[in-house]
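Analysis of the macromolecular model
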Amino acid sequence: MTTMQDLATPVVNTWCPGCGNFGLLMAVKRAIIQLGLNREEVVAVAGIGCHGKVIDYIKTNGLHVIHGRVLPAATAVKIANPELTVLGFAGDGDAYNIGIGHLPHAARRNIDLTYIVHDNLVYGLTTGQTSPTSKRGYRSKTTPRGSFEFGVNPLTQALSADASFVARGYAGDMHHLTEIFKQAIAHEGFALVDVLQPCVAWNRVNTYDFYKERVYKLEEEGHDPSDLDEAYRRAGEWGDRIPIGVLYMAEREEYTNSFPTLAEGPLVKQSIEGIDISKLLREFH
Amino acid sequence: MTTMQDLATPVVNTWCPGCGNFGLLMAVKRAIIQLGLNREEVVAVAGIGCHGKVIDYIKTNGLHVIHGRVLPAATAVKIANPELTVLGFAGDGDAYNIGIGHLPHAARRNIDLTYIVHDNLVYGLTTGQTSPTSKRGYRSKTTPRGSFEFGVNPLTQALSADASFVARGYAGDMHHLTEIFKQAIAHEGFALVDVLQPCVAWNRVNTYDFYKERVYKLEEEGHDPSDLDEAYRRAGEWGDRIPIGVLYMAEREEYTNSFPTLAEGPLVKQSIEGIDISKLLREFH
Amino acid sequence: MRITGLMDNSVSFLIGGEAGQGITRSGSLLGKALMRGGFHVFGANDYPSVIRGSHNFYVLRVSDEEIWSQGDSVDLLLALNKETILLHEDELTQGGGIVYDEQVELGEEELERDDIVLFPFPLTAAVEEMGGIAIMRNTVALGAALGLVGYDKEIMKGVIADTFAGRDRIIEMNRQAIYKGHAHAREPYDESYPCRLEPSDENPGRILPTGNDAVALGAISAGCKLYAAYPMTPASPVLHYLAAKDEEAGMAVVQTESEISAVNMVVGASYAGIRAMTATSGGGFCLMTEALGLAGMTETPLVLMVVQRPGPSTGLATYTSQGDLLFAIHASQGEFPRVIVAPGDVEECFYLTMEAFNLAERFQVQSLILTDKYLIESHKSTEPFDSERVAIDRGDLRIMEKWREEEEYRRYKFSGSGVSPRILPGTRGATVLANSNEHTDYGYTTSESEKTVAMVDKRFRKQEALREEVEGMDPVKTYGDADAQVTLVGWGSTKGPALEALKMLGREGVKARFVQVVYLEPFPSRAVGEALEGVGRRILVEANRTAQLGKLIKLHNGLAFEHVFLKYDGRPFNPGEIYAKAREALG
Amino acid sequence: MRITGLMDNSVSFLIGGEAGQGITRSGSLLGKALMRGGFHVFGANDYPSVIRGSHNFYVLRVSDEEIWSQGDSVDLLLALNKETILLHEDELTQGGGIVYDEQVELGEEELERDDIVLFPFPLTAAVEEMGGIAIMRNTVALGAALGLVGYDKEIMKGVIADTFAGRDRIIEMNRQAIYKGHAHAREPYDESYPCRLEPSDENPGRILPTGNDAVALGAISAGCKLYAAYPMTPASPVLHYLAAKDEEAGMAVVQTESEISAVNMVVGASYAGIRAMTATSGGGFCLMTEALGLAGMTETPLVLMVVQRPGPSTGLATYTSQGDLLFAIHASQGEFPRVIVAPGDVEECFYLTMEAFNLAERFQVQSLILTDKYLIESHKSTEPFDSERVAIDRGDLRIMEKWREEEEYRRYKFSGSGVSPRILPGTRGATVLANSNEHTDYGYTTSESEKTVAMVDKRFRKQEALREEVEGMDPVKTYGDADAQVTLVGWGSTKGPALEALKMLGREGVKARFVQVVYLEPFPSRAVGEALEGVGRRILVEANRTAQLGKLIKLHNGLAFEHVFLKYDGRPFNPGEIYAKAREALG
Ligand SMILES: Cc1ncc(C[n+]2csc(CCOP(=O)(O)OP(=O)(O)O)c2C)c(N)n1
Ligand SMILES: Cc1ncc(C[n+]2csc(CCOP(=O)(O)OP(=O)(O)O)c2C)c(N)n1
Ligand code: SF4
Ligand code: SF4
Ligand SMILES: [Mg+2]
Ligand SMILES: [Mg+2]
């Protein structure tokens, strides 16, 4: 049995006191524990931003990559060794600005990994610039008059890219978030969990109070996660009411299942000694 | 009055005989002529691929960029000089694989340009590899057993990114395509026109015959381009029936209108001599 | 102005506390107050990549002569928390003082030094008294510092009034905080700290920008009309500044979705005919290399600042380095001329940015401004920038209504210098074709052998012309004694600490020189050769692991260095360590 | 085997026609047929970036001794269209022949040469007779060529049977086409072409791969388990080959959405514990530079082939170049060790790819295999590759069920060589943390000064160890006379034409040598120094504009070249032009 202690690292946490990342990370750890996973079989792949620091704070395997590239790196970890549970941690800037080009492709491949986006609607680590999920009008150092771009809607983007699992969580509701993570990890295929994560340092709009008044749980309103049209509709909600929970979920062939080479077991376990290429050479004679 | 002759260049065309690009380019030229545009006020920005060769075959201003980067370059041309009519030419690989990360951002900015994607569902110039719009099961040098990734649906991607004009054209119907281009160019904001463009060299599936049997015109079925839900539904059609025409169209604030600096006229016309920074220096004293 | 009571003519303040406490802001306010009294100041910050909590500090050094660097030690430590005391105690000069909150429990046994003076102040109490917020403790501490050195508090009041102009309550609160700190310093501690800073009667009118400010102002002065960038420490402040000033600057400022987008926007804008710029660091520059080549091939002017920080990869995101020189010179596939210029102080940041724009347009090449975190985030007092010192020169850009020449316009028309006339797309009677494929003079794609060679040679003619131009424009600066016993050689931000080291050597009668290579590409080997002739022991000083400038000098001038001082922990050089190396080299 | 009737012991065939006519395929079939008869063959293609229509050609050179390059002239021109005749007529040797379709109207006045023989053949008619498709005219022409040189058509039949195994109708059609061409050549033209190629009785069992084939086979032999790439001329054939052979190769092959994705996948896969590789060219490599640094910082082994083509930017996408050497050495911000190896022929492509994997894993660094379009797309007959010549060496990779050491696992444990033990993520009792930030030995983020220096130094210890390793492994090869009057110096694909030039010089009694620098980073200055000592006139031969290897030799060995032969039109060197330069240098 994995314990909280097992997942702890000696690193001093430098997130701002009150940051939503604390709740998010705790939910991840709880999900790992409740799913009965060992820390050795989990690989956390993280981008660059405040979110990326998870890697220092959770005692699983970790790969801290570069800004925006969680998906390709995580995809390949899974291809190399499908026995591992792969979690991707990205920021909203990381995932939806510089890295958004990987999202539809990971989604359509349906690679089995859980992509957790710490969506604080702002650039945290680089001191508070406007992010792609920041809403029109958001003021920051880079948009002092208020942003005049519409925000990216990660949920509709993922839905329209055929993602087989799309959810939104809220870092202020750790228990609920834990359940979402558990479902996402258990889901065989690509799972996006966009987590509303208050940034107490920079985002003065999307605060705990802001969310407390607005979030509601999809499952409490009888939302059917197999209904794509309804998922789109709910994904579009952002106002007085903001849905959290699993928006959409479907069964589809998982990516690594399609590689003939993987049928013989994880690539990491296949021997590379004494490979014989004589058969391959024939066509060159 | 601009004529076909005006738009001709001395370059020998190297597209394969029968390539859908011929019809596409002809429709572009006709649209320019019919809209009464001068060749000097049009800028064609093109990516890398067979499509990119348009730049050699149309006597407008041209900027042949690198693979996948039509949108940022074209956006900036428009910011620098909104008096220019900016057309972007991209391939499906160009636009939806390597370059897809720019699409939602151009869309949400609603920059006024027409983004024409030569969608031949294949990599033409690099000799026939599977493209992101290639359908699951598509066989090519890179997917000899058939692709096991679902194709990207450019239309739903654009819709979910809030594009204010989304259309699909067919290179085999030049007149219809011309009308779409005219509307797209006239539209004030970001317009995506995904053009089904048969590639006679590599794509043996999505041929003229294939399309002839399947395409139907949205306007003939009374499609209402202001209806987003319906646009999504039609965008999802790809089987016996494939819709062409304008899927969606909405009015939204155009990007360059929001820059205070542009209120004083095109940036290219603003003098840069004798700029006085003394007022700005004050805060440093 | 006058400094008295200390061993030398400079005083160093170190303000330290937690991230998020506004340390840099406080330091620069203090700097301004002292600058207005006629002093020269230099301020550098140090912070990890953390938003709240971890240790940050800012060193402000003040002198009665021009000053170029933080010093080697601290005279007065303004400690906003206990950690600051424990971390910096050993940097204090003999007799140095520590200003701290009296609420901090500091047992004598916790301190290692007994040659320093403690000044417990009621920082928190003062703020509480005023009903202020915690961060105002900084301001009380500033007041205290000024009080201890006997400086006129009214000057600081003026700085605060200007900084927060329009926000009267904030001004009043800060004024009170200053006064309280000041009064308390006069009261119990009067004269107990020996140093005195006396302001001049007149403010000499200097400014206190960072390198980032200077680059941004340089871009504005150069008529840059589009600035497109993606947030990237330490380059982001340029974006923030310009986003705030876009109207005054007459600039369109775009926060892009990535560095790839930013640089391609610059290419598009420049093709369309406006001056445009981007800036980034490390990984962002990697992502820009492809479009750098696009600009090279299409001969599109481009200005790009690369702010160096320690790599590889994410590395130390908030620290300094000079590790990207050779990467910048060779970045992007194929071969094409480019400019690499490395300013060494805020003034050069301003003027060389203007020059970078001129060179980019005149030669239709790409100007890379190579700076680093230390240069770009440090404050230095300097004479106000004068945009007129660098005339705008757009080269052969013909802004005209209609193309009137007899022959058809050709974007890549062959010419002796390799430079072809540019026109704006939109010019009637002509179309402009820029092409990333190898191309003919019209811009049409070609892969023919002779046409390829002709076009490659055309681009390289520009390089030769550019090389001559650069050799003629002071590409290497020398400081100090012509008949030196020891010569320091460096580039970029090493200038500051090196000049300070010269002062130290000079004080001891050692004849020393500093050679600063300002333009690194085309490499000014003639100027470097001249500057390095007969100059005593040569010491190469670089903030990297592999002596990159050293390699260039080896390659182009055939000169090797016996003495090499490389630093690669992300921290800037201190004058003293350079001085020590020089001493060592002299034997 | 025997060649008779020509001036020297080699024959060059040039097959030319339109893009899309399968020119390269035809050339390599002819090559195979001649190879099976015991000849050595070399074949190179030339085509613009166009799918249909434009002019393509393939030069196949045949000899009774090992052969390394296309020649300087053509003996027999197989012209599939008239353009080919007009474009290549002037390359024909005296007495050379042109095989073409009799339907082509070729007035005598259209030809400039009167010293050549015309062989109009009923290419189209023959195909029509058989009811074949137009592209089969190639095969008729191949038959004709074989007929003219009196070669055994059955060998070609065998090649066709093997190539199209299982597709009986195609085999039969092609057989007929060969026979028809062959018969027609015997009938009207019997003996009218002087050259004869007589096969050996026994097939010596050579193979005819391209460089791409060789690299792909090298990767398979090295146990590469993931190949991720984005289509990019001229690197794509590796992707195509591996995608087709993934099962046999035991490899997962992924066509990614971009080069950025490809290289990051390689990093992910390698972190997870498998050997992984990618390949690209120019702009694709630009996009990979950021993750190259990620691999550098995380000490993740990576193998990346960069196939050079002429830049800058899109440049000449289907031509050749050696313009990216310095870019590859310096790519990515910051400083970290890497391997750069440049094979010079297909054999080296195979074995050095295997070595590249070993070095990458042993030193936990990034191996860049630097090739070019000419090397990678040309065919060369060679001895079958023997995977056992390079033993797999994974370095300190500990594949174990459970971590059993006393101390906790540390990914970046300090060691004398700088190399730390790797384990697979998933190993029980341990977790593996790789970090792109500067880090402690455990992999946790740090920005402390001492820890940074310690980790930078650790990485550079690897570089020193790697340098020693490379110096010891034949990093520089020499060919020809030890006591040379003239020495050619080059790298990569210049090897072939240079060796041919040596032959030419040798025939005239000139003592000549070729020095091939195989490993370019860490630069083997010891080996280069030894190879360049006392070797007569030195001529640097490179396919770029700025003499990049020359710069490295200048930098590391202090040696300059008086004679430099640079070519940058995208075309490979011909032996004759190198020979001429050598002659010139000798005066
Ligand atoms: C290529 C590249 N560009 C820019 C950066 C600088 N950078 C670091 S974190 C970050 C974004 C932070 O925002 P987000 O992804 O939302 O993460 P958060 O800090 O909010 O968790 C940026 C732009 C980088 N590290 N690499
Ligand atoms: C960065 C980069 N990667 C790869 C390439 C090679 N390349 C040239 S065209 C092309 C794709 C062609 O497909 P598509 O965009 O669909 O255009 P089409 O030829 O079908 O019109 C690729 C991958 C390139 N030029 N640049
Ligand atoms: S800056 Fe925002 S996201 Fe980052 S640690 Fe602080 S509160 Fe959290
Ligand atoms: S390859 Fe396809 S897309 Fe390209 S020119 Fe030929 S038919 Fe057109
Ligand atoms: Mg964020
Ligand atoms: Mg395509």
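Residues numbered from 1 in each chain as written. Chains lettered and ligands numbered in written order. Predicted model: local features only at pLDDT ≥ 70, side-chain atom pairs only at ≥ 80, totals over all residues. Heavy atoms only, no water.

Moving on: the coordination of the magnesium ion (ligand 6). Residues and elements named next belong to chain B. The magnesium ion (ligand 6) binds to the protein through Asp92 (OD), Asn120 (OD1) and Val122 (O), with metal-donor distances spanning 1.9 to 2.2 Å. For the magnesium ion (ligand 6), all donor residues lie on one chain, and their spacing in sequence is D-x27-N-x1-V. Classification of Asn120 as buried rests on a relative accessible area of 6%. Residue Val122 is classed as buried on the basis of its relative accessible area of 2%. (Donors = N, O, S within 2.8 Å, 3.2 Å for Na, K, Ca; no water. Buried < 20%, exposed > 50% of the residue type's maximum accessible area, 1.4 Å probe, protein only.)

This part is about the site of ligand 2. Taken together, the neighbourhood of ligand 2 is formed by 24 residues, with Cys50, Asp92, Asp94 and Gly124 of chain B together with Glu259 of chain D sitting nearest. Per-site note: the chains with residues close to ligand 2 are chains B, C and D. Contacts to ligand 2 include Cys50 of chain B, whose backbone N or O atom sits 2.7 Å from an oxygen atom. Take Gly124 of chain B: an N or O atom from its main chain is 2.9 Å from an oxygen atom of ligand 2. For ligand 2, the protein covers 98% of the area, taking 580 Å² as the surface of the free molecule. Put simply, the parts of the chain that give the shell around ligand 2 at least two residues each are helix H4 (92-98) of chain B together with helix H10 (282-298) of chain D. Counting residues per element, the shell around ligand 2 draws most heavily on H4 of chain B, which supplies four residues. Here the residues of the shell around ligand 2 are counted per class, giving ten nonpolar, ten polar and four charged. (Near = heavy atom within 4 Å. Polar contact = N/O pair within 3.5 Å; in protein donor to acceptor, adjacent residues only side chain to side chain. Areas by Shrake-Rupley, 256 points an atom, 1.4 Å probe, with all protein chains shown as cover. Helix = DSSP H or I, 4+ residues; strand = E, 2+ residues; numbered from the N terminus. Nonpolar A, V, L, I, M, F, W, Y, C, P; charged D, E, K, R; others polar.)

Around ligand 1 sit 24 residues, and of these Cys50, Asp92, Asp94 and Gly124 of chain A together with Glu259 of chain C come closest. Contacts to ligand 1 include Gly93 of chain A, whose backbone N or O atom sits 2.9 Å from an oxygen atom. Out of a free accessible area of 580 Å², ligand 1 has 98% covered by protein chains. At the level of secondary structure, the elements contributing two or more residues to the shell around ligand 1 comprise helix H4 (92-98) of chain A together with helix H10 (282-298) of chain C. The element contributing the most residues to the shell around ligand 1 is H4 of chain A, with four residues. The class makeup of the residues in the shell around ligand 1 is ten nonpolar, ten polar and four charged.

Another aspect to go through is the domain arrangement of chain C. When the parts come together, some accessible area is lost, and that loss is often what is quoted as the size of the interface. Here chain C is partitioned into domain 1 (2-198), domain 2 (211-389), domain 3 (397-471) and domain 4 (476-586). Placing a centre on the C-alpha atoms of domain 1 of chain C and another on those of domain 3 of chain C gives a separation of 58 Å. (Domains from an automatic or database assignment.)

On to unusual backbone geometry, then. In this structure, Pro234 of chain C follows Thr233 of chain C across a cis peptide bond, with omega equal to 0°. Locating Pro234 of chain C in the fold gives a position in the loop between strand E9 (224-229) and helix H8 (236-249). For the peptide bond that leads from Gly311 of chain D to Pro312 of chain D, omega is -5°, which places it in the cis range. The backbone of Leu121 of chain A sits at a positive phi, close to 55°, despite the residue not being glycine. Here Leu121 of chain A shows up in the loop between strand E4 (113-119) and helix H6 (154-160). Unusually for a residue other than glycine, Asp162 of chain B sits at a positive phi of about 70°. Residue classification places Asp162 of chain B among the partly exposed residues on the basis of a relative accessible area of 34%.

All names here are of chain C. The mixed open sheet is built from seven strands, whose spatial order is E7-E6-E5-E2-E4-E3-E15. Of all the strands in the sheet, the pair left with one neighbour each is strand E7 (117-121) and strand E15 (379-380). Pairing geometry for strand E2 (residues 10-18) and strand E5 (residues 74-79), over four bridges, is parallel. Bridge pairing links Leu14 to Leu77 in E5. (Pairing = 2+ DSSP bridges.)

This part covers the coordination of the magnesium ion (ligand 5). Residue and element names in this part refer to chain A. Each protein donor to the magnesium ion (ligand 5) is listed here as Asp92 (OD), Asn120 (OD1) and Val122 (O); together their distances run 2.0 to 2.2 Å. The motif formed by the donor residues of the magnesium ion (ligand 5), counted along the single chain, is D-x27-N-x1-V. Of the two residues, Asp92 is situated in helix H4 and Asn120 in the loop between E4 and H6; the sequence distance between them amounts to 28 residues. Neither Asp92 nor Asn120 differs from the other in exposure class; each is buried.

Contacts between the two partners involve 27 residues from chain A, matched on the other side by 23 residues from chain C. Both faces combined, the contact of chain A with chain C buries some 1,900 Å², and carbon together with sulfur accounts for 56% of it. Counting every contact that joins chain A to chain C gives two salt bridges. Residue Arg145 of chain A pairs with Glu247 of chain C through a salt bridge whose shortest N-O separation is 3.9 Å. (Contact = heavy atoms within 4.5 Å. Buried area = accessible area lost by both parts, 1.4 Å probe. Salt bridge = Lys/Arg side-chain N within 4 Å of Asp/Glu carboxyl O.)

Another aspect to go through is the confidence of the model for chain C. Of the residues in chain C, 100% have a pLDDT of 70 or more, and the chain-wide mean is 96. As a predicted assembly, this complex carries a pTM of 0.98 together with an ipTM value of 0.98. (pLDDT = per-residue confidence, 0-100.)

Facing the 48 residues of chain A at the interface are 68 residues of chain D. When the two sides are added together, the surface that chain A and chain D hide from each other amounts to roughly 4,700 Å², 64% of it contributed by carbon and sulfur. At the junction of chain A and chain D, the tally comes to three salt bridges. Taking the shortest distance from any N to any O, the salt bridge between Glu283 of chain A and Lys245 of chain D comes out at 2.8 Å. Applying the counting criterion to the chain A and chain D interface returns 24 residue pairs in polar contact (both at pLDDT 80 or more).

A few words now on the sheet that holds strand E23 (residues 537-542) of chain C. All names here are of chain C. Spatial ordering of the open sheet is given by E19-E21-E20-E23-E24, a layout of five strands whose pairing is mixed. Sheet topology places strand E19 (476-480) and strand E24 (563-566) at the edges, where each strand pairs with a single neighbour. Sheet twist, expressed as the mean angle between neighbouring strand axes with direction ignored, is 20°. The pairing of E23 with E24 spans four bridges and is classified as parallel. (Axes fitted to C-alpha atoms, helices over the stretch in contact; angles between N-to-C directions.)

What follows deals with the pattern of salt bridges. One pass over the full model with this rule turns up 110 salt bridges over all chains. With a closest N to O distance of 2.7 Å, Glu257 of chain D and Arg109 of chain A form a salt bridge. Of the two residues, Glu257 of chain D sits in the loop between strand E10 (252-255) and helix H9 (259-272) while Arg109 of chain A sits in helix H5 (residues 103-109), which places them in two different chains. The class for Glu257 of chain D is buried, based on a relative accessible area of 3%. For Arg109 of chain A, a relative accessible area of 3% gives the class buried. Arg467 of chain C is paired through a salt bridge with Glu464 of chain C; the nearest N and O atoms lie 3.4 Å apart.

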